[in-house]
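For reference, the chains in residue letters:
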Amino acid sequence: SASATVVTTGGKFGTNALQVNYTAGDGATIYLSPGNSSTVTYNAFVDPTVGKEYIVSAYFKAGTATAGASGLKVRWDTGPSTYVETGTTSVAVTDQANYVRYSAAVTVPASATGNITIGVVNRNAANNTVYVDGVQIEQKIGGINTPGSYSMPGWTSIDGGIIRTGAIQSSSQISVNG
């Protein structure tokens, strides 16, 4: 079984993070949606074209010293109170000092409606804790399995190293000597 708490210190982005405690049993999954295990609820919508691929990612940090398997999964709505899960990853989260980003490619299954929720898996030894921050899902482009940059909600980041343009305009005057 598992429990989750939002902690207000030690997040990767800002101060908050999700603390997932694994207490006993055959692993634990905390779904990032309203409701509980007896009610299937969803918190996001993606294009439900069968075979379309997405990358789900998050930053993990170990809260206790015992190494174990953690990961992410996507629960796809397939009809009234039915679902399919994909993308369970099994990575050893051992770094207690730094957040490490993990990701998994997932494919839209047959009969998916596009409603999804993301699950955080903590299969570490009993009485173990992981911290999670920066959860993201994005469409996979081509053969690239690497997730894109994470930006906190309300923030915009532009990587100027990959922008190609015929002109750049600014409201500031810039002097270039050369």
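*Asks:* Just give me the short version of the side chain of D133, but keep the residues and values in it.
*Replies:* Mapped onto the secondary structure, D133 falls in strand β11 (residues 128–139). No salt bridge forms around the buried D133; measuring N to O, its nearest opposite-charge neighbour K12 is 8.4 Å away. Side-chain polar atoms of D133 contact the backbone nitrogen of F13, separated by 2.9 Å. When near neighbours in sequence (up to four residues on either side) are disregarded, D133 contacts G11, K12, F13, N16, A58, Y59 and Y99.

*Asks:* Kindly report on the sheet that holds β11, identifying the contributing residues and their values.
*Replies:* Read from one edge of the open sheet, 5 strands run β1-β2-β11-β5-β9, paired in antiparallel fashion. Only two strands of the sheet have a single neighbouring strand rather than two, namely β1 (2–7) and β9 (100–107). Direction aside, neighbouring strands of the sheet carry axes that sit 30° apart on average. Summarising the sheet, strand β5 (residues 53–62) and β11 pair through 8 bridges and their orientation is antiparallel. Residue pairing for β11: I55 is matched across the bridge by E138.

The rules behind these values
- Residues numbered from 1 in each chain as written.
- Predicted model: local features only at pLDDT ≥ 70, side-chain atom pairs only at ≥ 80, totals over all residues.
- Heavy atoms only, no water.
- Helix = DSSP H or I, 4+ residues; strand = E, 2+ residues; numbered from the N terminus.
- Buried < 20%, exposed > 50% of the residue type's maximum accessible area, 1.4 Å probe, protein only.
- Lys, Arg positive; Asp, Glu negative; His and termini not counted.
- Salt bridge = Lys/Arg side-chain N within 4 Å of Asp/Glu carboxyl O.
- Polar contact = N/O pair within 3.5 Å; in protein donor to acceptor, adjacent residues only side chain to side chain.
- Contact = heavy atoms within 4.5 Å.
- Pairing = 2+ DSSP bridges.
- Axes fitted to C-alpha atoms, helices over the stretch in contact; angles between N-to-C directions.

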